[in-house]
Amino acid sequence: MDVRRVDQSLTEREIAGAATLLSTLVAGGAALGWVEPPSPGEVRRLLTTVAADPDAVLVVATDDGGLHGLGYWRRYDRPTHRPHADVEKVAVAASHQGRGLGRRLMTELIAAARDAHIEVLTLDLRGDNTRAAALYESLGFHRYGRLERFVAVGDRRWDKLFYALDLRD
Ligand SMILES: CC(C)(COP(=O)(O)OP(=O)(O)OC[C@H]1O[C@@H](n2cnc3c(N)ncnc32)[C@H](O)[C@@H]1OP(=O)(O)O)[C@@H](O)C(=O)NCCC(=O)NCCS
């Protein structure tokens, strides 16, 4: 499996693979920020925008069978937050989970953040996502906050947990 930073555009096959991956995970209840599975068009717009953004890094995991994982960080827009970036949409296809791919994607995202002199990497997650929390904590992220019953899916509510990795040390 190749884990790489996307420095140009994704191929059509990779975009289609990402759309299938994200919509399948969300349909299965994954906490990726969507209530309904995103459409292929929405995933295309998101990933082409991120890939073309000089203040963002998109990382993908691919092999001959297609795209099996992705994630990205984006520098904060707010002028006072510009040294920092937020990690989003870290996702591994269910068929490939538990084999170290999430860790490889995150390790590459952190390396890219160091290369770009990002000072603090942040991310947030849904309170029931213990697997993701274990991954982030094992990579040095620490939890700095919790908003109770903030994540809303229909009538259901989960806590939102805030994590940060300080790269200035
Ligand atoms: C979270 C996610 C990206 C992890 O990817 P993955 O490829 O399965 O993770 P890895 O195999 O690299 O495992 C990394 C760590 O996750 C944790 N982990 C993995 N599988 C786990 C399980 N079944 N139970 C608990 N923790 C688990 C462990 O800490 C593991 O570290 P280890 O390898 O030292 O044991 C993946 O489960 C996923 O895509 N989930 C759905 C989308 C999602 O929730 N994304 C995160 C949004 S914040």
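Reading guide: rules and limits
- Residues numbered from 1 in each chain as written.
- Predicted model: local features only at pLDDT ≥ 70, side-chain atom pairs only at ≥ 80, totals over all residues.
- Heavy atoms only, no water.
- Pairing = 2+ DSSP bridges.
- Helix = DSSP H or I, 4+ residues; strand = E, 2+ residues; numbered from the N terminus.
- Axes fitted to C-alpha atoms, helices over the stretch in contact; angles between N-to-C directions.
- Contact = heavy atoms within 4.5 Å.
- UniProt positions renumbered as here; feature names shortened; annotations may be inferred.
- Near = heavy atom within 4 Å.
- Polar contact = N/O pair within 3.5 Å; in protein donor to acceptor, adjacent residues only side chain to side chain.
- Areas by Shrake-Rupley, 256 points an atom, 1.4 Å probe, with all protein chains shown as cover.
- Phe/Tyr/Trp six-rings, centres within 6.5 Å; stacked < 30°, edge-to-face > 60°.
- Buried < 20%, exposed > 50% of the residue type's maximum accessible area, 1.4 Å probe, protein only.

For the protein chain, an unreviewed UniProt entry supplies the name GNAT family N-acetyltransferase and the organism Paractinoplanes globisporus.

Q: Can you walk me through the sheet that holds strand β6 (residues 142-153) in this structure?
A: Strands belonging to one sheet form pairs held by backbone hydrogen bonds; the direction of such a pair is parallel or antiparallel. The mixed open sheet is built from seven strands, whose spatial order is β1-β2-β3-β4-β5-β7-β6. Every interior strand has two partners, whereas the edge strands, β1 (2-5) and β6, have only one. Mean inter-strand twist for the sheet, computed between neighbouring axes without regard to direction, equals 20°. Relative to strand β4 (residues 85-92), strand β3 (residues 66-75) is paired through six bridges, and the arrangement is antiparallel. What sits directly across from Leu70, in β4, is Ala91. Packed on one face of the sheet, helix α3 (residues 101-115) meets β1, β2 (56-63), β3, β4, β5 (120-126) and β7 (156-166) and runs near 25° to β1. Across the sheet, helix α4 (residues 130-138) is in contact with β4, β5 and β7; its angle to β5 comes to roughly 160°.

Q: Any chance you could explain the UniProt feature "domain: N-acetyltransferase" (unreviewed entry) in the protein chain here in plain terms?
A: On the UniProt side, "domain: N-acetyltransferase" (unreviewed entry) is annotated at positions that read residues 1-168 here. Note that residues 1-168 is 32% helix and 36% strand, and that its end C-alpha atoms are spaced 31 Å apart.

Q: Looking at this structure, I do not really get the site of the ligand. What am I missing?
A: If you check the shell around the ligand, you find 20 residues, and the closest are Val90, Val92, Gly100, Gly102 and Asn129. In the model, an oxygen atom of the ligand is placed 2.8 Å from a nitrogen or oxygen of the Arg103 side chain. Between the ligand and Asn129, the relevant distance is 2.8 Å, taken from an oxygen atom to a side-chain nitrogen or oxygen of the residue. Across the complex, the protein chains shield 72% of the 930 Å² of accessible surface that the ligand would expose by itself.

Q: Quick question: what am I supposed to make of the packing of aromatic side chains here?
A: Aromatic ring pairs: the centre-centre distance and the angle between the two ring planes describe each pair. The tally for this structure, following the rule as stated, stands at two aromatic pairs. Where Tyr144 meets Phe162, the ring centres are 5.8 Å apart and the plane angle is 45°; that geometry is what we call tilted. With Tyr144 in strand β6 and Phe162 in strand β7, this pair connects stretches of sequence that are 18 residues apart. For Phe162, a relative accessible area of 18% corresponds to the buried category.

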